[in-house]
Amino acid sequence: MGDDSEWMKLPIDQKCEHKVWKARLNGYEEALKLFQRIGDEKSPEWGKYLGLIKKFVTDSNAVAQLKGLEAALAFIENAHVAGKTTGEVVSGVVTKVFNQPKARAKELGMDICLMYIEIEKAEVVQDELLKGLDNKNPKIVVVCIETLRKALSEFGSKIVPLKPVVKVLPKQFESREKAVRDEAKLLAVEIYKWIRDALRPPLQHINSVQLKELEEEWVKLPSAPPKQTRFLRSQQDLKAKFEQQHALGGEQCDEEDEEETAAAVDPYELLEAVDILSKMPKDFYDKIEAKKWQERKEALEAIETLTKNPKLENGDYGDLVRALKKVVGKDANVMLVSLAAKCLAGLASGLRKKFGTYAGQVVPTILEKFKEKKPQVVQALQEAIDAIFLTTTLQNLSEDILAVMDNKNPSIKQQASLFLARSFRHCIQATLPKSVLKPFCAALIKQVNDSAPEVRDAAFEALGTAMKVVGEKAVNPFLTDLDKLKLDKIKESADKVELPGGKKGAGGGGDKKPAAKTPLPAEAPSKSSAPPKKTQSAAASKPSAGPSKKGKPTSAAGGKNKKTSDSKEFTESELSVEVSEELAAGVLPAICLQQLDSANWKERLASMEEFQRAVETMDKADMPCQALVRMLAKKPGWKETNFQVMQMKLHIVALIAQRGQFSKTSASVVLDALVDKVGDIKCGGNAKEGLTAIGEACSLPWTAEQVVSMAFAQKNPKNQAETLNWLANAMKEFGFAGINVKGFINNVKTALGATNPAVRTAAITLLGVMHLYMGAPLRMFFEDEKPALLAQIDAEFEKMQGQSPPAPIRFTKKAAAAAEEDGDEGEEQEEDGGGGGGGGHDIMDLLPRTDISDKITSDLVSKIEDKNWKIRKEGLDEVAAIISEAKFITANIGELPLALKGRLGDSNKILVQQTLTILQQLAVAMGPGLKQHVKALGIPIITVLGDSKLNVRTAAMTTLQAWVEQTGMKEWLEGEDLSEELKRENPFLRQEVLGWLAEKLPTLRAVPGDLMLCIPQLYTCLEDRNGDVRKKAQDALPTFMMHLGYEKMTKATGKLKPASKDQVVAMLEKARAVMPAKPAAPAKAGGGKGSGEPSRAASASRSQPASEDFTDSKPEVKKVRGGVAAKKGAAGKKPAAKSVKDDEDKSGPIFILIPGAKEQRIKEEKQLKILKWNFITPRDEYVEQLKTQMSTCFAKWLQDELFHFDFQRHVKAIGFMIERLECEREATIGCLDLILKWFTLRFFDTNTTVLMKVLEYLKLLFAMLNSENYHLTEYEATSFVPYLILKVGESKDVVRKDVRAILTMLCKVYPASKVFPFLMEGTKSKNSKQRSECLDELGCLIEGYGMNVCQPTAAKCLKEIAVHIGDRDTSVRNAALNTVVAVYNVCGDQVYKLIGNLSEKDMSMLEERIKRSAKKTPAAPAKPSATERSQREHPANPNATFLRKPAQEDPNKLKIMYRTYRIQARQNAQHSESSHPSIPKEFQLDLDMIEMDQSGVCELPDLVQHKLDELLEPIMIPEPKMRSVSPHFDDLHNSTASTINFVISQVASGDINTSIQALAQIDEVLRQEDKAEVMSGHIDQFLIATFMQLRLIYSTHMADDRLDKKDIIKLYSCIIGNMLSLFSMESLAREASMGVLKDLMHGVITLMLDGRVEDIEDGQQLIRSVNLLVIRVLEKSDQTNMISALLVLLQDSLVTTAGPPMFSELVMKCLWRMIRFLPETINSINLDRILLDVHNFMKVFPKEKLKQLKSDVPHRTLKTLLHTLCKLTGAKILDHLSMIENRNESELEAHLRRSVKNSGNLSGLKSDRGNEKTGLRTEDRMSKAKVSDILSEIFKKIGSKENTKEGLTELYEYKQKYSDADLEPFLKNTSQFFQSYVERGLRMIESEREGKTRIQTSAVIPQHGVDSGLSSNNEELKPAVYYERLKILRQRQGLENTSRGVGGSEDEPQQRPPISSLLSSKPSVASSTDMLHSKLSQLKESRELYQQEHNTHSPTHPRSASPAANLDDLKKRLERIKSNRQ
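Residues numbered from 1 in each chain as written. Predicted model: local features only at pLDDT ≥ 70, side-chain atom pairs only at ≥ 80, totals over all residues. Heavy atoms only, no water.

Q: Break down the overall build of the protein chain for me, with residues and values.
A: Broken down by element type, the protein chain carries 102 helices and zero strands. Buried positions account for 56% of the 2022 residues belonging to the protein chain. For the protein chain, long-range pairs separated by at least 24 residues make up 76% of all intrachain contacts whose partners lie at least 6 apart in sequence. (Helix = DSSP H or I, 4+ residues; strand = E, 2+ residues; numbered from the N terminus. Buried < 20%, exposed > 50% of the residue type's maximum accessible area, 1.4 Å probe, protein only. Contact = heavy atoms within 4.5 Å.)

As structure tokens, then:
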């Protein structure tokens, strides 16, 4: 016992090692208890046992071992460090536990193995178990197999890789032990569950009896794929979901789960590769050349046997392929041909992608051999070519296939087409782009008309397959030449095609609706209404232009043909003179035709004028263009001697080309004449105008080619010079897209040699412009010119250096229309708008290339391969000569690649270098076509990098770089070739390749996954014995990591030896710290979009990597949080220790403002000195970096709290930050980037308390930033917004709601167009909630800000959004549909073009939703604010708005309301913001609650009472900072507000009882005056719910005979009772907004006129109550809103005749009543708003139209209203027209002037600037002299140091007073610096003033004019105030303040330049397009922000759907400025 007691005293870890087994047993027991007790997985206690765990499991005593196993299991489960022990412990378990007789020991051993897998160590465990299979003890083998089976069963095939298991499985079936065989069988069954038939090939050679048994077992298995039931630590979210499903009975299968099911395993992957090259018969190459066919057959049979191996080892198969190719091509014995073809097929399927290198050599031979008729040969060739196709791409084979398509032999054509058809089946839309499809379709169309039926059928099949794959829409443009019969045949073929995997083709049936009745061959369905679209957008005046044309077959045909594609535009046959005259007579006045050929020039001139007038008024569809231009050519035609008549003629040609459907036929009639006149001094300008118009109609490339050839066919040098000048200018205007350089390059060469200097100069100028687009390649055309001329050309090129091509401002009409329609918006932009993107490759395609394949003869190839080096050199010299002579060559170079490849390994180094030089030459000559030779010729260049001679290596590197320049890196990194090269143990090669990769990888944005194959070699190089290799490998490490990620690379170290692994992991850690960020996406300069766009594109791309990463962030959250905590541990403990001190320290500022610190941080991040804030989950180094940055700006104690490991400290710290937010505003903004970054870390916490606190602070923070007018920088936004968007997908509703609120506020401090791309990234998330929320937000942005927010382009965004219509998740689908509907509401039918191809199902869903939304519009956009007054479009029939399924539809209905008000919230938030520093509780419905409970609200009444009683008593209204705060803004009232929201939502319920109960509760609140205040802020919401219920009763309940009419009367009574209570309280009644009042009045008046109500008992009484209610509403509502609402309602009722006839009469009665109130209310109404409404009314109903109505009451009503207003306000009423932008649009102003004329006081009023009578303003009779005195005084002050501030203030006030004052004379002679100083000063003063006015307006509404008085609507600023601000902003942006501010108008030619054109740009000479671009982008942003800050509502188009209209207006103006300046 003595000994016993001795060891009892030892510590646990020593007991565990004791030699006495009892001591160990006791130690294990205590260790087990200890392990279960330690709470922290990172406790240092675990470290003591790291070395002992192996001993626990390998204990020699069986009893102790059992306890040891239990303790070990507990250790592995709980210790953070357990993973380090995996290898040794599992090895111990396998050898010492699996052989134990006790079942419990084996069980524990297995549990330990599985636990290691759970802690992410699957690979190590699997390796050890597989080693165990080789153990001699069968018991161990059995348990190892069983463990593998269990692991696979629980964790699934993703975590337990099957390839190594399958590899050793067949061996186990051969075991002597039955137990092993049985266990192997069970394992095989388990594996089969996961990978199905992929298991068959590896097991095909086992014993047939065993295989049969297995087959029987396999048949019994269920067909459903198995699911993972146990999860890794990183998969805890999956585990939770799995458990939840289990709890629900496992019925629901969530989308993520479906994704989780293992992807089908490719059997090929499980096979072992066989090396057949070494097994080939030695005499194969001799035999294959033998004369006896039997010997050749023997050789081929031997190869055929080898190629039957399903997977072949990679190697050099070049010689073998060449030998087989020769047999296929040359052998006369058809049996051998088919044998060789089989061998090729075997090679292709065994090598897969690795065979791609040889594909290009073999395919042409096979295609040629299809001339054979014998079926077995054809079949073998088909199999071979099909197998080869799968190893390469269609693009690579396209040239070879196209080459045989016009072969004379029909069999070849047939088989080529059939091969295409089979190949297309394997393609998808992405792999079959237009560029590939176009040439194939052209070739197939020829074959469709072939004489041989089999060729035709094959072509039909190929075209049908293509149509099935990419959709009709994509193929139709290429089929315009075919007649209907053939088209139908193609469609028939398409229907028969079955794509692999049963996939439907893109857009399969979507496009099949017949588009028009006329059977036109070239129909492009779904485009019928497009032709007018383009012309309309300019005039925007004839909305009816579209449909009216459908009936006219000729014009419809024209419009469609013109649009279908570039390949086929509108064509027409030539007309005879007689036909032309007849057609012209139909459209021209008779006098015009008579005088055309008059001898008197004046009559001819008059005739031309008539002609011009006729053309200007003619409809596009009716214009016979060709006939008209032939009339112009009628004698004297183009020989006209009078220049005036000639000018008119040329102008008319331009008009016809612009306005009509102008074909190339028409163009060819006039082009000659135009070219003839282009050099004329007087008529040249008009001739050029005509040429440009024809360029727009018939495409510039075609026009240019014609014009230049015509000019040079003449001999007139003036014409030649002017033609070239016109072309140079046209290129700038149209862009370079599609220009065929070859077409006129020879003429340019002629011009360069011309004797006339003007022609030479023009040619050189043209070359300069072309150089802008083409760059260096252009010079190659002129290298053989004289040196002097070359010097001139070079000088011109030099001038263009560094300039970027201007964005095109003109477009071919056809291309523009096509761009709108073609789903391929992106492609169109590249072609049309490629103004700036011209460089390099696109231009390379234009160059004329020579096919040199015929010069690469077999003699030349044999020369290059000769044994004598001199002959080899001769061969190479010849090749070099061929290439240099051809200059540009096609990709087809015959046998040359293989020949040159041989020379790269030549023993003679001189020849190697010569070959490298040839390859460089080849790169330049071939251009992008070089890609297809990368595998055959490029990879061998890399091999040369291993040469021992430095000069050879240098040459090889130069060649490599030259190749990469042409091909890009993708081809080099794909496949295993690069990793194979790195396997060569050559230090030179390794260091060169790694150095090259280190240089290239950081420049790539994405790399192929195959880069991962290089990692094992990279790790080997890290430990290479050569120091240089090691260094290069270390340098390359971070660049690999930036693409592959740290996690993947760390995982790859698992296969290294332990010693190596530690070293490599340490290096990876270092590399991680210096890892470069991925480069941003290149900014694409789209056509005419200005430079605002690229910066946005760049910002979007910068967020891309970040947001891509978020998608996988979930699984690692928990782990990472732990990781962060570890670092924080030390820092965190200090604050806990000092408690008393803490409070003393905390008195100082928490943020320290260091000037310039933020800018410095931005700079460092840009220069990559610090890590970019961009991660999936925050790694320790990010946290450390943030700590370091914070240390200078944050109080020490606060930083300690922020990085404490206890979350409660975080909550405390945020509390402090909330307290100090107000008093430390400036410092908060100074540290804003760091604050936001810290919050992004909190988004990765799982603690809801912290998260809610974070969101609370963020709401306050953004409210503060908004009030400070601060705008987030790009840097702040990209490091915060993507992470915020992550949280929008949070499962908790409260969190989502807050995040939404923050996103709304974000748009006020950061342009919505920049938030948009972040949300787009969010839609790619795996989290369906996040996807749906992001889509919802996108919809709100589009509705709120118009289409301009869609960045980079609307089409691209919408295509991505539309993808989600097919999402599995319903909410995502709905959100996507709603968003597309939002777009539809903004831009109408154009949405179908923007979204591209959708599947039939998705398209039908969308169309259904759009139809539904059209029905619902009146219910939804009832806007509570006057700002949205413009949204007044209603359907013709007010009854069309009712929903059909009351009970189910409710939530959706409210969803629409909710959406509408979310948008409102964005625009209305300003009021509430100014009233309280916390986030405004904007009016919204609590939809989440409504969705949870749709049934009824039985228990609700008492709930409401409790809430109200509790919450209303203890209210402590905070001291008002700016004005009194109504209680619903206070945070205390969250719950009250949400309760009210909920009850209100029930009012609109489809269930009558539910609705009555809800109304009863609200009535109870309204009747108690002390509680009624709670309803404040919810009035609009309540009224909307009410009139929705009224509509529901009117449409549904009243028509439902099953309902008791008493219930309906009861419901009506409740509604009317509530309304009467509500409208008896003036304070609440005034909250009702205009839009809501309008809809309410509509509902109530409709009820009064409902005959069905009168027939019901008590119906009369009800109608009397309604009458009373109407009077109450009229009296108590806000008078301005009420009059506006009635005016709009009257207008709508007069427009739509469908409603009851009495309706408009009742509305007018209400108006008369309102007029009666005017004398009392005139001081409280907003006259500006009412006059705007009257103006809009008079615009729709001018006096004449009003008088035509049946009744004259509307006319009288309007006159009375205006008369009363004039009487009450006198002449001052004319001051209240400020909100009307274009007063000439209606007769309002004239009417008012007439009304006030008698008082004779017009002189002092503002006169309309646009009025022709008054040229200048006469305001205050300010004389010009006086103005200049005042201004010069002001400018003197600004110029003096002391008074500069005062001067600026005076100038600002002066500008305010005289907003169109002319400052030009005072600024003209000042410096650029002074001008910008003045502008900056004015801007500063403006922002200060606006800040103040915002504060004032919350207390008092500023008076506008003298008589306007105080606005009764004290919730909102007067629109006039905003309008004034908009004026200022417009002026600042150079837009003046009326619609004619830019570009002048006919009435006002002497328009003065606005101030900003002087302040913000250099004198006009120096102004450039670049400045305009930057101005455009500034304007866009400032306008957006302005909109966000100020509810901009310039009433440009009062009835348009959104602010987008205003933006379009501004865009147009900017376009005008641009064209004026050029």
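So, next bit.
Q: Explain the environment of N1385 to me, and be specific about the residues and the numbers.
A: In this structure, N1385 sits in helix α74 (residues 1370-1387). With relative accessibility at 36%, the residue N1385 sits in the partly exposed group. The spacing of N1385 and G1346 is 39 residues in sequence and 9.7 Å in space, taken between C-alpha atoms.

Q: I'd love a proper account of the side chain of K1000, names of residues and values included.
A: Turning to its location among the elements, K1000 is positioned in helix α53 (residues 987-1000). Judged by its relative accessible area of 18%, K1000 falls in the buried class. Beyond its immediate sequence surroundings of up to four residues, K1000 is in contact with Q961, V964 and M969.

Q: Provide a residue-level description of the packing of aromatic side chains, including the pertinent values.
A: Tallying each qualifying case throughout the model produces 27 aromatic pairs. Here the aromatic rings of F424 and F440 are separated by 6.1 Å at their centres, their planes lie at 65 degrees, and the arrangement is edge-to-face. With F424 in helix α23 (residues 410-425) and F440 in helix α24 (residues 434-448), this pair connects stretches of sequence that are 16 residues apart. In this structure, F424 and F440 share a single accessibility class: buried. (Phe/Tyr/Trp six-rings, centres within 6.5 Å; stacked < 30°, edge-to-face > 60°.)

Q: Lay out the confidence of the model for the protein chain in plain terms, naming residues and giving numbers.
A: Per-residue confidence for the protein chain gives a mean pLDDT of 75; residues scoring 70 or more make up 75%. This model gives residues 1895-1916 a pLDDT under 50, and the stretch forms 47 contacts once residues within four places in sequence are excluded. (pLDDT = per-residue confidence, 0-100.)

Q: Can you break down the nonpolar core residue by residue, with the values?
A: Counting residues in each nonpolar core, the largest one holds 102 residues, and the members touching the most others are F1194, L1198, L1258, F1262, L1265, L1272 and F1316. For this core, the leading source of residues is helix α67 (residues 1248-1267), giving 12 residues. F1194 has contacts with I1150, F1151, I1152, Q1199, L1202, C1231, L1234 and I1235, leaving out every residue within four places of it along the chain. By size, the runner-up hydrophobic cluster in this structure holds 99 residues, among which are L1647, L1687, L1727 and L1746. (Core = buried A, V, L, I, M, F, W, Y, C linked by side-chain atoms within 4.5 Å.)

Q: How would you sum up unusual backbone geometry? Please name residues and give values.
A: Although it is not a glycine, E120 sits at a positive phi angle of roughly 75 degrees. In this structure, E120 sits in the loop between α7 (103-118) and α8 (122-132). In this structure, N1269 is a non-glycine residue whose phi angle is positive, near 60 degrees. Counting through the fold element by element, N1269 comes out in the loop between α67 and α68 (1274-1278).

Q: A description of the pattern of salt bridges should follow, citing residues and the corresponding values.
A: In the structure shown here, the tally under the stated rule is 78 salt bridges. In this structure, the salt-bridge partner of R230 is E154, at a minimum N-O distance of 3.4 Å. Here R230 is found in the loop between α12 (208-220) and α13 (236-247), whereas its partner E154 is found in helix α9 (residues 138-155), with 76 residues between them in sequence. Given the relative accessible area of 19%, E154 is considered buried. The closest approach of N and O atoms between D906 and R872, which form a salt bridge, is 2.8 Å. With D906 in the loop between α47 (896-904) and α48 (909-926) and R872 in helix α46 (residues 869-886), this residue pair connects regions lying 34 residues apart in the sequence. Taking relative accessible area as the criterion, D906 reaches 4% and is therefore assigned buried. Several salt bridges converge on common partners, so that one network encompasses K67, E70, R104 and E107. (Salt bridge = Lys/Arg side-chain N within 4 Å of Asp/Glu carboxyl O.)

Q: Give a description of the packing of helix α88 (residues 1659-1676) against helix α90 (residues 1702-1721) that names residues and reports values.
A: One can describe the packing of α88 onto α90 by two numbers: an axis separation of 10 Å at closest approach and a directional angle of 40 degrees. By the angle class used here, α88 and α90 are oblique. Judged by the twist between their axes, the crossing of α88 over α90 is right-handed. Residues V1670, I1671, L1674 and E1675 of α88 lie in contact with α90, whose contacting residues are C1710, R1713, M1714 and F1717. Looking at the contact of α88 with α90 residue by residue, the classes come out as six nonpolar, no polar and two charged. (Axes fitted to C-alpha atoms, helices over the stretch in contact; angles between N-to-C directions. Parallel < 35°, antiparallel > 145°, perpendicular 65-115°, else oblique. Left-handed = near helix turned anticlockwise from the far one by under 90°. Nonpolar A, V, L, I, M, F, W, Y, C, P; charged D, E, K, R; others polar.)

Q: Outline the side chain of E128, listing residues and values.
A: Locating E128 in the fold gives a position in helix α8. Relative accessible area serves as the criterion here: at 14%, E128 is assigned to the buried category.

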